[in-house]
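# Summary of structural features
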Amino acid sequence: MLTLPLRFLSILTVLLAVLSAPLRAEDKPKPIHALMVCGGCCHDYENQKKILSEGISKRANVEWTIVCEGTDREHRVSIYENPDWATGYDVVLHNECFGFVKDNEFVERITKPHFAGLPAVVVHCSTHSYRMASTDEWRQLIGQSSFSHETKRDLDVKLLKPEHPVMKGFPAEWHDPGDELYKNEKLWPNFVPLAQAYGVDTKKDHVCIWVNTYGEGKVFGTTLGHSNETMESDVYLDLVTRGLLWACDKLNDDGTPKAGYGPGGK
């Protein structure tokens, strides 16, 4: 019989105890601190801010600061007036509809921290925000230029890249009732299409789910989400959660959260 030295057994026992012990609170990954900016015209932002924040936090280890203000397209969100507006946040979810803001300096103040590496999630009307400004920085952040959408109707969203971690679990075709298909006028070089839908008005496909790289920042985007019904669906909330985790480098290749970033910090 092989007899192990007592000293070796002692070391082995200690190692096993350390490996099997639960993480102490100070050793656990901190929640992702996300900022949500929402508001503007044409959408139910008071309910959408709850749908998104609560739905994502049920699926991932995310805590929120929410700035929801303004009811018209010309509103300047107050937090953006501060040059250091993004300090302390790990990711920003943009769900805003301020298409008539024309101040280039103001718009570029929003995009600057994203270019420097702050992850972004851009939802629905964010794609049309700041479209009256002459600077292209917001459009490059989004990854596409879009200035209008088709008539509201049911959409059949078709998966393009099932191998991408963000799209793991997304159906090959998803019926999205009563949504708006935004027209792709220009796709910028770092734009990666993940899903598309056919436009009845334009008689062509338009990308509606994608990822993008803007400077050092990773961006997940979808133009879907006009109605609360869309946002409340498990397919949509699962998708946006994976997109957020991907942008923050907290998503495994199989589409699951990395250790410590699942629901409840699992």
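Each remark here, short or long, concerns the structure printed above.
Criteria and thresholds
Residues numbered from 1 in each chain as written. Predicted model: local features only at pLDDT ≥ 70, side-chain atom pairs only at ≥ 80, totals over all residues. Heavy atoms only, no water. Helix = DSSP H or I, 4+ residues; strand = E, 2+ residues; numbered from the N terminus. Buried < 20%, exposed > 50% of the residue type's maximum accessible area, 1.4 Å probe, protein only. Contact = heavy atoms within 4.5 Å. Areas by Shrake-Rupley, 256 points an atom, 1.4 Å probe, with all protein chains shown as cover. Disulfide = S-S within 2.5 Å. Pairing = 2+ DSSP bridges. Axes fitted to C-alpha atoms, helices over the stretch in contact; angles between N-to-C directions. Phe/Tyr/Trp six-rings, centres within 6.5 Å; stacked < 30°, edge-to-face > 60°. Lys NZ or Arg CZ within 6 Å of the ring centre and 35° of its normal.

Scanning the protein from terminus to terminus reveals six helices and 11 strands. Counting every position in the protein, which comprises 266 residues, the buried fraction comes to 50%. When contacts within the protein are restricted to residue pairs at least 6 apart in sequence, those whose partners lie at least 24 apart make up 72%. In the form shown here, the protein has an accessible surface area of approximately 12,700 Å², with 53% of it arising from carbon and sulfur atoms.

On to the state of the cysteines, then. Summed over the entire model, instances satisfying the criterion amount to two disulfides. Each sulfur in the disulfide pair Cys41 and Cys42 lies 2.3 Å from the other. Looking along the S-S bond of the Cys41-Cys42 disulfide, the torsion reads about -75°, which is the left-handed sense. According to the relative accessible area criterion, Cys41 is buried, its value standing at 10%. Residue classification places Cys42 among the partly exposed positions, given a relative accessible area of 48%.

If you walk across this open sheet you meet the nine strands as β2-β1-β3-β4-β11-β10-β9-β6-β7, and the pairing is mixed. If you trace the sheet from one side to the other, it starts and ends with β2 (62-68) and β7 (173-179), each paired once. Recorded for the sheet is a direction-independent mean angle of 20° between the axes of neighbouring strands. When strand β9 (residues 192-199) meets strand β10 (residues 204-214), the two strands line up antiparallel, connected through seven bridges. Each bridged residue has a counterpart across the sheet, and for Gly199 the counterpart in β10 is Lys204. The sheet strands contacting helix α6 (residues 234-247) are β1 (32-40), β2, β3 (91-97), β4 (120-123), β7, β10 and β11 (217-222), and the helix crosses β11 at an angle near 170°.

Taken as a whole, this structure holds six aromatic pairs when the rule is applied. One cation-aromatic arrangement involves Arg73 over Phe100; the distance from NZ or CZ to the ring centre is 5.3 Å.

Mapped onto the elements of the fold, Phe191 is located in the loop between β8 (186-187) and β9. Along the chain, Phe191 and Ile142 lie 49 residues apart, while their C-alpha atoms are 8.5 Å from each other.

Attention now moves to the pairing of β10. Buried residues dominate β10, accounting for eight of its 11 residues. Adjacent in sequence and paired antiparallel, β9 and β10 are bridged by four residues, among which Lys203 carries a positive phi angle near 60°. The loop that links β10 with its antiparallel partner β11 comprises two residues; one of these, Gly215, has a positive phi angle of about 60°.

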